[in-house]
Amino acid sequence: MEAHFPSRRHSWLMNFVDALWAAVGLLVERDPQVTTAVFVSLQVAVLGTISATLLGAPFGFWVATREFGGRRAVELLLNTATALPTVVVGLLTYALLSRRGLLGDLGLLYTRTAMVVGETLLIAPLMAALTLAVVSGADARIHETALTLGASPTRAALTVAAEMRRGLLGAVATGFGRLISELGIALMVGGNIAEATRTMTTAIALETSKGEFALGLALGILLLAVALVVNVGAALLAPPHRDS
Amino acid sequence: MPRLRVVLLCILSLTGSALAQPHLRLATTTSTENSGLLGAILPPFEQRFKVKVDVIAVGSGKAMKLGENGDVDVVLSHAPALEDAFMDAGFGVNRRAVMYNDFVIVGPRADPAKLAGSKSAVDAFKQLASAQAPFISRGDESGTHEKEKELWKAAGGTPSGAWYVSAGVGMGQTLQMADEKRAYTLSDRGTYLTYKAKGELVILVQGDPALFNPYSIIAVNPARYPAVRYFDSMALIAWITSPEGQRMIADFKVGGEMLFHPTAVPPSN
């Protein structure tokens, strides 16, 4: 009646070596499930970063370049909002997109679009806060000079952005890093559907819950490799530095 | 500016398939998905009926909740009490029995609470309580957790104390915790079998009818949520309870052991 099986307790190091080999295996095999998970992760993280930047950065810039009462309060609120737990944002997004929710008729729940919406809500405050910090640190004369020389407000903002591109690119990279490693929202509004909304992180959570630790670790290594490729690619594509 | 063009192309290539087409959404328990059963029996259905089934594997409690909110089209679960409430409230229609598997009480080989050989799950739980032997509970309102609470109730009350750990994680992780802490737990047989080779837990109590674990499939009521894909749900319900679907369930084995016993139609041979 009692099941007998050999003890297979590995040392921590052995597990890690197994995982490294498994990671190499994942890359070589090109399992469609893994390939799609990588693609979905990238898609959601990139689109989420772009939309959050488009939402958050202009707001951060606006706050940074204006003098008004309550500016400190806005800054504090933005910084606090960066501490939003992902599961809470996931719950809010679920409540918004569920059939019983405000936007339920769109039927967006358990799609990648829903995930992009949730991830955007998660890091839009972060993008605003980081932009605010970067632009506040810029020499105020850049903005003033551009305006004095007859630049439109947009044009003047772009001039400041160009001057501060290193800091702003760092902000975008931070946002992207938060999204590609994000689990709570992906799980709640994506649903971890195989080959549809399964990302690298939800796959890691699934494999871990099944006790497939080596595979989970291997997917983690793969995730870091993908993030490295994206960051190297972004660095290569970003305009060359002309700082003296 | 070729650089900008490359960036835009990269971004565009990602937007292409952002809009997913509607699929049949099945909310189910982790046990059917993690054991590999759905991966084995759904593809023939998808091929014949030209519909893609999106499996959302969560605990039974959450699966019912998703049905209640109209966020899925059909629910396959193993929590009879929750299912009754779901049907009574009018959230579901056409509930059908599909199959059963069974729960087992597992624990460390050393078995400090001396459960081995016990034929009654309730007696085993009483022994655990009086020995204050470490026990890991799923603690997540899953079908397994419901069954566990039912057994504790029959054994004389909800346990408390440092020996009773409410983990709040899935079955696989609960088994892993039990293994690491040399504790006891209640598991469905399927997940235990898949997990067994990685740990040292052994089955101590099994075969008691109280450990019977029936699965039902329920279509979400289209009168409540007109957007649900009712006809595709009914196709799945008809197929999974047909002799063909039932035979595929019976033929599904892990490590040579049959995991789910079909109950919708009498066995054909």
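Residues numbered from 1 in each chain as written. Chains lettered and ligands numbered in written order. Predicted model: local features only at pLDDT ≥ 70, side-chain atom pairs only at ≥ 80, totals over all residues.

## Description of the overall build of chain B
Counting its secondary structure elements, chain B contains eleven helices and twelve strands. By its C-alpha atoms, chain B is 70 × 55 × 40 Å across when sized along the principal axes. Per-residue burial over chain B gives 48% buried out of 269 residues. Of all intrachain contacts in chain B linking residues separated by at least 6 positions in sequence, the fraction that spans at least 24 positions is 75%. (Helix = DSSP H or I, 4+ residues; strand = E, 2+ residues; numbered from the N terminus. Buried ≥ 20, exposed ≤ 12 C-beta atoms within 10 Å, placed from the backbone. Contact = placed C-beta atoms within 7 Å.)

## Topic: the overall build of chain A
On a plain count of helices and strands, chain A comes out with eleven helices and zero strands. Listed by position from the N terminus, the elements making up chain A come as α-α-α-α-α-α-α-α-α-α-α. Overall size of chain A, expressed as C-alpha extent along the three principal axes, is 85 × 50 × 30 Å. Counting over 244 residues, chain A shows a buried share of 42%.

## Concerning the interface of chain A and chain B
When the parts of a complex come together, some accessible area is lost, and that lost area is often taken as the interface size. If you look at the interface, chain A gives 29 residues, while chain B gives 32 residues. Elements with a contribution of two residues or more to the side of chain A that touches chain B: α2 (32–64), α5 (112–136) and α10 (200–209) of chain A. The element best represented in the side of chain A that touches chain B is α2 of chain A, accounting for five residues. Across the side of chain A that touches chain B, the residue classes tally to 13 nonpolar, ten polar and six charged. (Nonpolar A, V, L, I, M, F, W, Y, C, P; charged D, E, K, R; others polar.)

## Structural notes on the domain arrangement of chain A
All names here are of chain A. On domain assignment, one finds that chain A holds domain 1 (46–198) and domain 2 (199–230). Opposite the eleven residues of domain 1 that make contact, domain 2 presents nine residues. Secondary-structure elements contributing two or more residues to the side of domain 1 that touches domain 2 are α8 (165–180) and α9 (184–190). Tallied by class, the residues present in the side of domain 1 that touches domain 2 amount to five nonpolar, four polar and two charged. (Domains from an automatic or database assignment.)

## Details of the pairing of strand β4 (residues 92–107) of chain B
Residue and element names in this part refer to chain B. Of the strand pairs in this sheet, β4 and strand β9 (residues 212–220) are connected by eight bridges, and their pairing is antiparallel. Paired with Met 99 across the bridge in β9 is Tyr 215. Inspection of the sheet shows β4 paired to strand β7 (residues 184–188) by four bridges, in the antiparallel sense. Looking at the pairing, Phe 103 lines up with Asp 188 of β7. (Pairing = 2+ DSSP bridges.)

## Focus: the environment of Asn 213 of chain B
Residue and element names in this part refer to chain B. Summarising the element assignment, Asn 213 is placed in strand β9. Looking at Asn 213, the number of C-beta atoms within 10 Å reads 21, which means it is buried. For the pair Asn 213 and Val 106, spaced 107 residues apart in the sequence, the C-alpha separation amounts to 16 Å. In this structure Asn 213 touches His 78, Tyr 100, Asn 101, Asp 102, Phe 103, Lys 147 and Asp 188, once residues within four positions along its chain are discounted.

## Focus: unusual backbone geometry
Residues and elements named next belong to chain B. Positive phi is not limited to glycine here, since Lys 50 has a value of about 50°. Among the secondary structure elements, Lys 50 is positioned in the loop between α3 (37–49) and β2 (53–57). Although it is not a glycine, Arg 182 sits at a positive phi angle of roughly 50°. Along the chain, the position of Arg 182 falls in the loop between α8 (171–181) and β7. The exposure class of Arg 182 is partly exposed, given the 15 C-beta atoms found within 10 Å.

## Regarding the nonpolar core
Of all hydrophobic cores here, the largest spans 138 residues; its most connected members are Ile 56, Val 74 and Ile 105 of chain B. Here the element with the most residues in this core is α5 of chain A; it accounts for 16 residues. With near-sequence residues (within four places) excluded, Ile 56 of chain B lies in contact with Tyr 110, Gly 191 and Ile 193 of chain A together with Arg 25, Leu 26, Ala 27, Leu 66 and Val 72 of chain B. (Core = buried A, V, L, I, M, F, W, Y, C linked by C-beta atoms within 7 Å.)

## Some thoughts on α3 of chain B
Each full turn of the α-helix corresponds to 3.6 residues, which orients residues three or four apart in the same direction. All names here are of chain B. With 13 residues, α3 should reach 18 Å at 1.5 Å per residue; the first-to-last C-alpha distance of 19 Å fits that figure. Approximately 25° is the largest bend angle found in α3, and it occurs at Pro 43. Of the positions making up α3, those classed as buried are Leu 37, Leu 38, Ile 41, Leu 42 and Phe 45. The inward-facing, buried residues of α3 abut β1 (24–28), α2 (30–34), β2, α10 (230–240) and α11 (243–251). (Expected span 1.5 Å × (residues − 1). Bend = angle between axes of the 7 residues up to and from the residue.)

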